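# Results of the structural survey
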Amino acid sequence: MAGIEHRQVDSDEAGMRLDRWFKVHFPGLGFGPLQKLLRSGQIRVDGARAKSDTRIQPGQTIRIPPLGVDPKEAKSGPIGGRDLRQSPDGELLSRMVLHEDAKVIVLNKPAGLAVQGGWGVNRHIDKMLEAWTSQKGEKPRLVHRLDRDTSGVLVVARTRGAAQQLTAAFRERDTKKTYWALVRGVPRKREDKISTWLVKEPTPDGDRVRIAKHGENGADHAISYYRIVEQAGQNLAWLEMEPYTGRTHQLRVHAAHIGHPIIGDPKYFEADVNWTFPGGMQNRLHLHARHIDIPHPNGGRLKITAPLPQHMVQSWNLLGFDENAAGEEE
């Protein structure tokens, strides 16, 4: 039959409900029409009938009949692993845009996409920004960084002058950056300040940061703040974290330092023998740059919030966390 499509489930969609998968990839398809297609067997997973609550796994093939929705709407959904590998630079960047004006672009960086090049990095935002080089030959400039596995707000300057002003705002700490993290266990204090010295050391798997002593060669002072927003018993806690300083891996190391490492952190998560990873969650870094408040080069302040990545939406839904509980500023 003409118009039938077969799509393979991506690695970052492991354990996702089938109805959620369709919501992500075909946001224009309503609940009623989806249920009708499932009941009639027109939608199948690996050739078999499926239900809306069927949990899909990487490598499975989903049969998609003609849906009668604008295929362009699929491009408005979250960015998956296939997009990171195959989408053209300009198209992929356009899908990340949260704010854009003559001086500043703010992106919602997907987890898994590096900001800059390095060992083993084949694709990164700094290189991709060449696709947006202006007619004057000016390429947008990075003014700060996010870890490869951290998602969320990333500020980019369109011009050299804007880059200087934005970089100065970060250097002078005239910015407020808010991160959301899901951590193992629940900190004893509902909110607190974490102050340590950190030193970065090269390893075969890339740079790793550890707690250092005051005065140790190469050590930098690092300060972070956190507060508990919600918790799931004593097993998991949703933290709102603010880095006062901007050291490499700072929040990840500080969370581990207080005994509550961030879920899915491949470098700093160490589980105790009595702790098991929650079922239904993806073992990916649960750290998201949620909000930034920064001076705009033209005056005033720019305040931008980034939606959660799909793997964290899945965890928040599983735990029953309400995103409005954080009481964010507009």
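Let us look at the structure shown here. Predicted model, so just to flag it, every value in this text is computed and none were measured.

Further remarks concern the overall build of the chain. Along the backbone of the chain there are eight helices and 15 strands. Its C-alpha atoms give the chain a radius of gyration of 21 Å, near enough to 20 Å, the size a compact globule of 330 residues would have. C-alpha atoms of the chain, sized along the principal axes, occupy 70 × 60 × 40 Å. Expressed as a percentage of the 330 residues in the chain, the buried residues total 47%. Expressed as a percentage of contacts within the chain between residues at least 6 apart in sequence, the contacts between residues at least 24 apart total 65%. Accessible surface, the chain as shown: approximately 16600 Å² in total, 46% of it carbon and sulfur. For the chain, the centre of its 48 positive side-chain charges and the centre of its 40 negative side-chain charges are spaced 2 Å apart.

Strand-to-strand pairing in sheets goes through backbone hydrogen bonds, with the strands running parallel or antiparallel. Ordered by their spatial adjacency, four strands build an open sheet running E1-E4-E2-E3, and the pairing between neighbours is antiparallel. A strand with exactly one partner marks an edge of an open sheet, and here the two such strands are strand E1 (5–8) and strand E3 (48–49). Where strand E2 (residues 44–45) lies against strand E4 (residues 61–64), two bridges are found, and the strand directions are antiparallel. Across the sheet, Val45 pairs through a bridge with Ile62, a residue of E4. Contacts between helix H1 (residues 18–25) and the sheet are confined to E1, E2 and E4, with E4 contributing the most and set at about 65 degrees to the helix.

Below, the discussion takes up the layout of surface pockets. Volume-wise, the largest pocket comes out at about 1600 Å³. In terms of lining residues, the largest pocket is bounded by 48 residues, among which Arg145, Leu146, Asp147, Thr248 and His249 are the most central. Elements with a contribution of two residues or more to the lining of the largest pocket: helix H6 (160–171), strand E9 (176–184), strand E10 (191–201), strand E12 (220–232), strand E13 (236–243) and helix H7 (250–257). In the lining of the largest pocket, the residues fall into 17 nonpolar, 15 polar and 16 charged.

With that out of the way, let us pick up empty space enclosed by the protein. All chains considered together, the criterion is met by one cavity of 30 Å³ or more. In this structure, the largest cavity encloses a volume near 50 Å³. Lining the largest cavity we find His144, Leu146, Val153, Lys177, Thr178, Tyr179, Ala289, Arg290, His291 and Ile292. Every element with two or more residues in the lining of the largest cavity is listed here: E9 and strand E14 (287–295). Among the elements that make up the lining of the largest cavity, the one with the highest residue count is E14 (four residues).

The tendency in soluble globular proteins is for nonpolar side chains to be buried side by side. Counting residues in each nonpolar core, the largest one holds 33 residues, and the members touching the most others are Met96, Leu107 and Ile125. Those residues in contact with Ile125 that lie beyond four places of it in its chain are Met96, Leu107, Lys109, Leu113, Ala114, Val115, Leu142 and Leu154. Grouped together as the second largest cluster of nonpolar side chains are 17 residues, Val9, Leu18, Trp21 and Leu29 included.

This part takes up the environment of Ala181. With respect to the secondary-structure elements, Ala181 resides in strand E9. The spatial distance from the C-alpha of Ala181 to the C-alpha of Ala325 is 14 Å, given a sequence separation of 144 residues. Beyond its immediate sequence surroundings of up to four residues, Ala181 is in contact with Ala237, Trp238, Leu239, Met241, Ile262, His286, Leu287 and Trp316.

Cut-off values and rules
Residues numbered from 1 in each chain as written. Predicted model: local features only at pLDDT ≥ 70, side-chain atom pairs only at ≥ 80, totals over all residues. Heavy atoms only, no water. Helix = DSSP H or I, 4+ residues; strand = E, 2+ residues; numbered from the N terminus. Rg over C-alpha atoms; globule rule 2.2 N^0.38 Å. Buried < 20%, exposed > 50% of the residue type's maximum accessible area, 1.4 Å probe, protein only. Contact = heavy atoms within 4.5 Å. Areas by Shrake-Rupley, 256 points an atom, 1.4 Å probe, with all protein chains shown as cover. Lys, Arg positive; Asp, Glu negative; His and termini not counted. Charge placed at Lys NZ, Arg CZ, Asp CG, Glu CD. Pairing = 2+ DSSP bridges. Axes fitted to C-alpha atoms, helices over the stretch in contact; angles between N-to-C directions. 1 Å grid on protein atoms, 1.4 Å probe; cavity = no way out; pocket = protein on both sides within 12 Å on 5 of 7 lines; lining within 4 Å. Points joined across faces, edges and corners; volume = space filled by probe spheres on them. Nonpolar A, V, L, I, M, F, W, Y, C, P; charged D, E, K, R; others polar. Core = buried A, V, L, I, M, F, W, Y, C linked by side-chain atoms within 4.5 Å.

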